[in-house]
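Listed below are the residues making up each chain.
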Amino acid sequence: MTRRRGKYATQPPASKTDADVKEVEDDNQDNISSEEEVDHKSEKRKRVAAAKAFRKQLELNARNSTAPIVAPNLQKIITGSKLSAEEISNIEAEYELYYTSKFEKQKVQQEKRKQRRARRQCCPTWSLNPGQIVMLTFMAIFVWLWYLNAYDVIEEAGGITSFAAKTIPDEIQVRLSTLGINLTAVASDDPDRPSLPLVGKLKAHHPVIMIPGVVTTGLEIWGGQPCVAKNFRQRLWGHLSMMQQLVADRSCWLQHIMLNRSTGLDPEGVKLRAAGGLEAADYFLPGYWVWGKMIQNLADLGYDSNNLFMASYDWRLSVRRLEKRDRYFTKLKATIELAYEINKEKIVVLGHSMGTNVFLYFLSWVERPLDVFGGGGGQGWVNKHIHAFVNIAGPLLGVPKAVPSLLSGEMRDTAQLGPLNTYLIDAFFTKRQRSEMFRSWGSIPIMFPKGGNRIWGTETWSPDALEVGSYVTLSVLPNGVPDTSATTQTDKQAKELAVYSKFGNVTHIRDPTSYLYGRYIVNITADKVWDFIVEETLDAEWAAFYNTVYSHGLPPSKDVSSRLNNPKYWSNPLESVLPNAPNMTMYCFYGVGKEAERAYMYKTRSDVVEEGDVQVEIDYTISKPDIGLDSGVQSGEGDGTVPLLSLGYMCVEGWTNKQYPYNPAEIPVITREYQHNPTSIMSDLRGGPQTADHVDIMGNWEMTVDILKIVTGQVEQGGKRSPDEVSPEKDGVDVGDVIGKVESRILSQIREYASRISLFSE
């Protein structure tokens, strides 16, 4: 018999009889031990299976967001396997540690996918996934880089038409001419430089200072977070490096471009400063000129860095913060005085777009005493140093597009994208991010509509109302909403059309019964739109700060003397006066014939998911072509950006009507309008030499000649041709003969609109 191991191994051998008996007992004991071992293994397998099944059931319950209720069959397994309460508790604890975070993340991802699918339901044709958006972004960058390379070649050839005329084979050009396309006829020697024929006939005389508009000055990184540490003094705005940083790290870019809303200055640890010199605003991006053409034309007549200056500035800052942080107006005053001393001639200041608003503030600042935050130049400083101020497309009374930018981070360009806006713009910055960024910039409120309802209109009237058939008389309901009730559908449509055509509501709400923030929304006019933005954005701190910096209203009477020493009013031409400078001349140059934003149709958003999100958005589904309403944005006369009222009212009425207090020295004001007459996009992407677009007017051939006559001091010298007869497309025009007066020329209905406005009730 084999010797046993274990607890029986050490026992002495028994007698034969006893051994036989013991062997039987041992065999019985072995059978019992084997059965117990089998039962133990079986029970262990059941317990393991039960634990796995329990985990699986908990996982399924978590996926279905239900309480961990064990199924009856699983309960039997657990009961049969004799899982203790402690073991079940341990399994549940293991589940909590391992599965909870996993499934919570999955739920969040599923919810985001549901929201994206819901947004795509409006227009599934345009559905784009993130990969496609990235692909389109890089494609756009490659196309832009290709354009820049091709642009240089085309520029050297004298324009795209000259390039085509020189490169397209003659036989193809003959066939094109049979279709009425004559490339040789439309090719110009150099449409960008009307100064060339003036060389030798005109020469630099008055020093020139240029003040750029909003967003056109480059901003450089002088300090910031680690994400921009390698980009010291590179441009975060206004260069290809901006595109590179924007694509590489959007959150980092946004963190640096935004200002602190409570202080109006850079956030802690961030330092962005305006680029300096002529190159600060000559080109926004390579190939996209702003002041570049003007600088080149001035250089042809003898201007250089000794008598031509760019007064660049950080366009994000409010006018008060420009002086506090950068001493901008102090430097501008010193630059003018230095240029005057060096050249022994008074200065011509050219201000484009918001640059006009900045310089108007300067005109009040420079002569005010130091104790009221002025420049201390004293009475007569402007008359001594400034020969002329040329206001180029200045939004003197603001722009309605400042309203949607602050309210919802939108404007016409985004609204007309419709559903694409969600994928091409919102993919980079949400509406909330855009509106918060705009509200952080102290410069935006300076362009807010000024003058209230007396300038921009009421519920039932506006001075620049569209002529849509015959006017319909409207009554106003007790809640302030125009009464559009009618007995017939035709009458009702006519009344609704009349409401829209009046322009008085800067902001329309499509459904007057929409419930938002615990109250009902009605249509908003210019008098109330600032308060409306403050209420809807719930940003009282921001509003309180800028209410101390800007004013957008009207004085109660013609007596504005009480406001002359308060910086709050210096940027509003309706609450301030021009300086006592009778020897200075003011010029108002702006384009007409291109629609500009005038009013907006809003709706409440249905996809708001977070507290603090923008609650309203432009309703791009609304269009009424008869009244200029396209994709929820209603347009009127202007230069593509600024409405005609803002461009011209002060020039033809506010500063020229002697009954108003705004021009006590009777400074001569010359208003000259330029008709927007763009060329084919195949000829020039920017509109050509006769464009009058808000930005592209800086390359307008005729306006450039007018400015050259002013700065060279030849305005009062007679010429052989009238400026009105000049056209860059007329063959044989000798530009050198066009040296005459720059006189007022009105092409629009601005005088008629101005006659409908009464600023004061007395």
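Rules behind the numbers
- Sequence positions are assigned chain by chain, starting from 1 and proceeding in written order.
- The predicted nature of this model means local features are confined to residues of pLDDT at least 70 and side-chain atom pairs, given and counted, to a pLDDT of 80 or more, with totals for whole chains, interfaces and linings taken over all residues.
- Excluded from the side-chain calculations are hydrogens and water; all other atoms, namely the structure's heavy atoms, are used.
- Within this document, salt bridges are pairs made up of a side-chain nitrogen of Lys or Arg and a carboxyl oxygen of Asp or Glu, the two lying within 4 Å of each other.
- Counting from the N terminus, the helices are DSSP H or I runs at least four residues long and the strands are E runs at least two residues long.
- Here the term buried applies to any residue with accessible area under 20% of the maximum for its type, exposed to any over 50%, and partly exposed to those in between, with areas from a 1.4 Å probe on protein chains only.
- Cysteine sulfur atoms that pair up within 2.5 Å are treated as a disulfide.
- Two strands qualify as a pair provided that DSSP identifies no fewer than 2 bridges between them.
- With axes taken as lines fitted to C-alpha atoms, and helix axes fitted only over the stretch in contact, angles between N-to-C directions fall between 0 and 180 degrees.
- Residues are treated as being in contact if the distance between any of their heavy atoms lies within 4.5 Å.
- Two rings from Phe, Tyr or Trp (for Trp, the six-membered ring) form a pair when their centres are within 6.5 Å of each other. A pair whose planes differ by under 30 degrees is stacked, one over 60 is edge-to-face, and the rest are tilted.
- Criterion for a charge above a ring: Arg CZ or Lys NZ at most 6 Å from the ring centre, at most 35 degrees from the ring normal.
- Confidence of the predictor at the level of single residues is captured by pLDDT, which takes values from 0 to 100.
- Throughout this description, any angle smaller than 35 degrees is read as roughly parallel, any larger than 145 degrees as roughly antiparallel, any in the 65 to 115 degree range as roughly perpendicular, and the remainder as oblique.
- Basically, the charged four are Asp, Glu, Lys and Arg, the nonpolar ten are Ala, Val, Leu, Ile, Met, Phe, Trp, Tyr, Cys and Pro, and anything else, Gly included, counts as polar.
- Within 3.5 Å is the distance limit for a polar contact, defined as a pair of N or O atoms, with the added protein rule that one can donate a hydrogen and the other accept it, and that residues adjacent in sequence qualify only through two side-chain atoms.
- Think of a nonpolar core as a cluster: buried Ala, Val, Leu, Ile, Met, Phe, Trp, Tyr and Cys residues, connected wherever their side-chain atoms sit within 4.5 Å.

(A) Quick look at the pattern of salt bridges. Tallying each qualifying case throughout the model produces 22 salt bridges. Arg325 is the salt-bridge partner of Asp266, the closest N and O atoms lying 3.0 Å from each other. With Asp266 in the loop between α9 (250-257) and β4 (271-274) and Arg325 in helix α11 (residues 319-326), this pair connects stretches of sequence that are 59 residues apart. Arg325 carries the same exposure label as Asp266, and that label is buried. Its salt-bridge partner being Lys333, residue Glu337 comes within 3.1 Å of it at the nearest N-O pair. Taken together, the residues Glu337 and Lys333, both in helix α12 (residues 328-343) and four residues apart, mark about one turn of the helix. Since its relative accessible area comes to 25%, Glu337 is described here as partly exposed. Bridged by salt links that share partners, the residues Asp266, Arg273, Asp314, Arg316, Arg325 and Asp326 form one connected network.

(B) The arrangement of the state of the cysteines in detail. Going through the model one piece at a time under the given rule, you end up with two disulfides. Between Cys227 and Cys252 runs a disulfide, and the two sulfur atoms are separated by 2.0 Å. Classification of the bridge connecting Cys227 and Cys252 rests on its S-S torsion, roughly 80°, and on that basis the disulfide is right-handed. Placement of Cys227 in the loop between β2 (219-223) and β3 (235-237) and of Cys252 in helix α9 is noted, with a sequence separation of 25 residues between them. Look at Cys252 and you get buried, because its relative accessible area is 5%.

(C) Geometry of the sheet that holds strand β8 (residues 347-352). One open sheet accounts for six strands, arranged β7-β1-β8-β9-β16-β21; its pairing is parallel. Single-partner strands in this sheet number two, and they are β7 (308-310) and β21 (669-675). Strand-to-strand twist across the sheet, computed as the mean angle between neighbouring axes with direction ignored, equals 15°. Two elements, strand β1 (residues 208-211) and β8, share four bridges in a ladder whose sense is parallel. Residue pairing in the sheet places Val208 in a bridge with Val348 of β8.

(D) Representation of the pairing of β21. Of all seven residues in β21, six are buried, a share of seventy percent or more. Bridging between strand β16 (residues 585-592) and β21 involves seven bridges; their strand directions are parallel. In the strand pairing of β21, Val592 is matched with Gln675.

(E) Seen up close, unusual backbone geometry. If you check the backbone angles, Val215 has positive phi at about 65° while not being a glycine. Within the secondary structure, Val215 sits in the loop between β1 and β2. Its relative accessible area of 29% is what places Val215 among the partly exposed residues. For Ser353, which is not glycine, the phi torsion reads 55° and is therefore positive. The topology assignment puts Ser353 in the loop between β8 and α13 (354-365).

(F) Looking closely at the side chain of Glu617. With respect to the helices, strands and loops of the structure, Glu617 is situated in strand β18 (residues 616-618). Ignoring any residue separated from it by four or fewer positions in sequence, one finds Glu617 in contact with Glu410, Lys431, Met601, Tyr602, Lys603 and Arg605.

(G) Broad picture of the packing of aromatic side chains. Using the criterion set out here, one finds 24 aromatic pairs in the structure. Note on Trp222 and Phe232: the rings are 5.6 Å apart at their centroids and 80° apart in plane angle, and the pair reads as edge-to-face. Taken together, the residues Trp222 in strand β2 and Phe232 in the loop between β2 and β3 connect sequence positions 10 residues apart. Aromatic side chains Phe329 and Trp365 sit 5.8 Å apart centroid to centroid with 35° between the ring planes, which places their arrangement in the tilted category. Taken together, the residues span a long stretch of sequence, with Phe329 in helix α12 and Trp365 in helix α13 at a distance of 36 residues. Accessibility classification places Phe329 together with Trp365 in one group, the buried group. Taken together, the ring pairs in this structure connect Tyr313, Tyr328, Phe329, Phe359, Tyr361, Phe362, Trp365, Trp381, Phe389 and Trp570 into an aromatic cluster. The positively charged end of Arg320 is found above the aromatic ring belonging to Phe373, 5.2 Å away from the centroid.

(H) Broad picture of the side chain of Thr216. Along the chain, Thr216 falls in the loop between β1 and β2. Once residues lying within four places of it in the same chain are set aside, the contact partners of Thr216 are Ala280, Ala281, Phe284, Val290 and Trp315.

(I) Representation of the sheet that holds β2 in the model. Here three strands make up an open sheet; going across it, the order is β3-β2-β4 and the pairing antiparallel. For this open sheet the edge positions go to β3 and β4, each flanked by a neighbour on one side alone. Going across the sheet, the axis of each strand differs from the next one's by a mean of 45°, ignoring polarity. Note: β2 against β4, four bridges, orientation antiparallel. Of the residues in β4, the one forming a bridge with Gly223 is Lys271. Those strands touched by α9 are β2, β3 and β4, and its axis lies near 85° from that of β3.

(J) How the structure looks around the confidence of the model for the protein chain. In the predicted model, the protein chain carries a mean pLDDT of 75, and 62% of its residues have values of at least 70. A low-confidence stretch, residues 1-16 (pLDDT under 50), is modelled with 10 contacts involving residues beyond four sequence positions or located in other chains. Across residues 122-130 the pLDDT falls below 50, and counting only partners more than four positions away or on other chains, this stretch makes 13 contacts in the model.

(K) The arrangement of the packing of α11 against α12 in detail. Contact geometry of α11 with α12 gives a least axis separation of 6 Å together with a crossing angle of 80°. Taken together, the axes of α11 and α12 are roughly perpendicular relative to one another. Across the interface between the two elements, Val319, Leu322, Glu323 and Asp326 of α11 pack against Tyr328, Phe329, Thr330 and Lys331 of α12. For the contact of α11 with α12, the residue count by class is four nonpolar, one polar and three charged.

(L) Spatial organisation of the environment of Arg233. If you trace the backbone, Arg233 turns up in the loop between β2 and β3. By relative accessible area, which is 44% here, Arg233 ends up partly exposed. The spatial distance from the C-alpha of Arg233 to the C-alpha of Leu219 is 8.8 Å, given a sequence separation of 14 residues. Excluding its chain neighbours within four sequence positions, the residues that come into contact with Arg233 are Glu220, Ile221 and Trp222. Within the local environment of Arg233, its side chain forms a polar contact with the side chain of Glu220, the two groups lying 3.4 Å apart.

(M) Looking closely at the nonpolar core. By size, the foremost hydrophobic cluster in this structure holds 146 residues, and its most contacted members are Trp253, Ile257, Trp291 and Trp655. The dominant element in this core, judged by the number of residues it contributes, is α13, at eight residues. Once you skip the residues sitting within four places of it in the chain, Trp291 turns out to touch Met210, Ile211, Pro212, Ala281, Asp282, Met310, Leu350, His352 and Met698.

(N) Spotlight on the pairing of strand β17 (residues 596-604). Counting buried residues along β17, seven of its nine residues qualify, which places the element largely inside the surrounding structure. Relative to strand β20 (residues 633-636), β17 runs antiparallel, the two being bridged by four bridges. Looking across to β20, one finds that Ala596 is bridged to Gly636. Bridging between β17 and β18 involves three bridges; their strand directions are antiparallel. Note that in β18 the partner of Tyr602 across the bridge is Ile618.

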